[in-house]
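# Per-entry structural report
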Amino acid sequence: MKVVVAIDSFKGCLSSAEANAAAAEGVRSVVPDAKVLSVPVSDGGEGFLEACASAVGGERVRLTVHDPLMRPTEAQYLLCGPTAFIESAQACGLTLLQPHERNPLVASSYGLGEIVANAVGRGATHVVVGLGGSGTSDVGIGMLRALSDAFLVEDIALCDTLRHVRFTVASDVQNPLCGPDGAAHGFSIQKGATNAMLPILEERARTFANDSALRMGFDRSEQKGAGAAGGLGYAFLQYLNAEYQSGVHLLLDLIRFSEKTKGADLIITGEGSADRQTLMGKLPMGILQRAQGVPVVLIAGMTFDEYQLLEEGFAQVVCINPPDLPIVECLKPDVARRNIRHTVAQLLSQL
């Protein structure tokens with residue numbers, strides 16, 4: 001029996017590799033001689049760097065940059081030949097902030113610009129940036145300022161060095177920059193914004209986009225992914241002529257997922273919370289689309305809209321946590337590992 005395990009990180013709890021390992025233990029507890037292929041995955045957010053490293057190898061470059069509150073923090077990116085893979089959350093991730101520190105009016109993406117500048121300085125001619133898990137909503141202004149400081153230019157769009165670099169942004173967010181589904185109204189509450197902050201964040205984004213369009217002669221604020229990571233997507237699209245790609249499909253191409261599923265009897269995927277939004281380009285949906293007829297089981301810490309998920313084609317949708325288990329317990333790594341192992345073992349015993 002061949003089982004492919006490709007589970008997204010359970011944010012704030014387990015990495016993709018840790019969740020995969022627990023699921024693999026569950027498989028082998030029932031089918032000891034099963035061939036289990038664990039594939040670390042990410043949609044562009046947390047775990048993107050680990051997934052890329054697993055797929056292509058490369059050199060990990062470590063450096064000190066500024067976190068969202070402009071404090072020194074350690075970060076890393078992956079350099080593989082002329083291509084640099086960067087996880088934006090390394091510099092401006094929500095997990096770098098304590099709950100009481102979260103304030104998207106002041107949080108800056110400056111540190112991400114420092115990583116990009118370092119990668120270009122080391123010879124990268126293609127920069128792939130995973131956008132996700134950010135604690136910022138500054139429209140990428142901080143990131144652009146860091147690039148201006150690094151390359152000693154006032155207008156990044158006129159920087160000769162960066163003109164010769166190809167940028168790709170990877171994200172599962174397809175939202176525009178502004179409006180009810182934009183960066184401010186769509187995502188900033190989870191980053192600590194209050195209702196009173198929303199119109200301020202929206203106005204800041206709209207003003208920056210309007211000013212940029214007047215100066216540059218074009219406007220990419222409505223493009224797919226412009227609202228990703230608090231508007232970082234827009235900054236890359238507008239100022240660095242970046243190409244937007246689905247983070248899921250970029251990574252699945254990188255790891256040659258279709259080859260790994262050949263001859264498989266089952267694929268196990270998962271995420272922290274599965275619901276109808278899973279169908280809107282999230283990682284498990286990408287796995288399902290690439291399954292080539294292999295049954296796909298979806299496990300999650302919380303499940304909603306199970307009927308819609310099953311209708312879309314998942315063989316089973318299973319919550320790993322007992323209904324009476326407090327959320328505080330669910331988020332403990334040891335508890336999550338145990339529940340993944342138990343859930344997968346039950347699934348395999350029923351086949």
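Residues numbered from 1 in each chain as written. Predicted model: local features only at pLDDT ≥ 70, side-chain atom pairs only at ≥ 80, totals over all residues. Heavy atoms only, no water.

## What to know about the overall build of the protein
Counting its regular elements, the protein contains 15 helices and eleven strands. Taken over the C-alpha trace, the protein has a radius of gyration of 20 Å; the compact-globule value for 351 residues is 20 Å, and the two agree within 12%. Along the longest, intermediate and shortest principal axes, the C-alpha atoms of the protein span 65 × 45 × 35 Å. Within the protein, the proportion of its 351 residues that are buried is 55%. When contacts within the protein are restricted to residue pairs at least 6 apart in sequence, those whose partners lie at least 24 apart make up 72%. Of the roughly 14900 Å² of accessible surface on the protein, a fraction of 51% belongs to carbon and sulfur atoms. A distance of 5 Å separates the average location of the 28 positive side-chain charges in the protein from that of its 38 negative side-chain charges. (Helix = DSSP H or I, 4+ residues; strand = E, 2+ residues; numbered from the N terminus. Rg over C-alpha atoms; globule rule 2.2 N^0.38 Å. Buried < 20%, exposed > 50% of the residue type's maximum accessible area, 1.4 Å probe, protein only. Contact = heavy atoms within 4.5 Å. Areas by Shrake-Rupley, 256 points an atom, 1.4 Å probe, with all protein chains shown as cover. Lys, Arg positive; Asp, Glu negative; His and termini not counted. Charge placed at Lys NZ, Arg CZ, Asp CG, Glu CD.)

## Digging into the pattern of salt bridges
In this structure the tally under the stated criterion is twelve salt bridges. Note that Arg276 and Asp305 form a salt bridge whose closest N and O atoms lie 3.2 Å from each other. With a gap of 29 residues between them, Arg276 in the loop between strand S9 (266-274) and helix H12 (283-289) and Asp305 in the loop between strand S10 (296-303) and helix H13 (306-312) connect regions that are remote in the sequence. Since its relative accessible area comes to 47%, Arg276 is described here as partly exposed. Two residues, Asp334 and Arg337, come together in a salt bridge whose shortest N-O distance is 2.8 Å. Of this pair, Asp334 and Arg337 both sit in helix H15 (residues 333-349), three residues apart, roughly one helical turn. Of the residues examined, Asp334 reaches a relative accessible area of 56% and is grouped as exposed. (Salt bridge = Lys/Arg side-chain N within 4 Å of Asp/Glu carboxyl O.)

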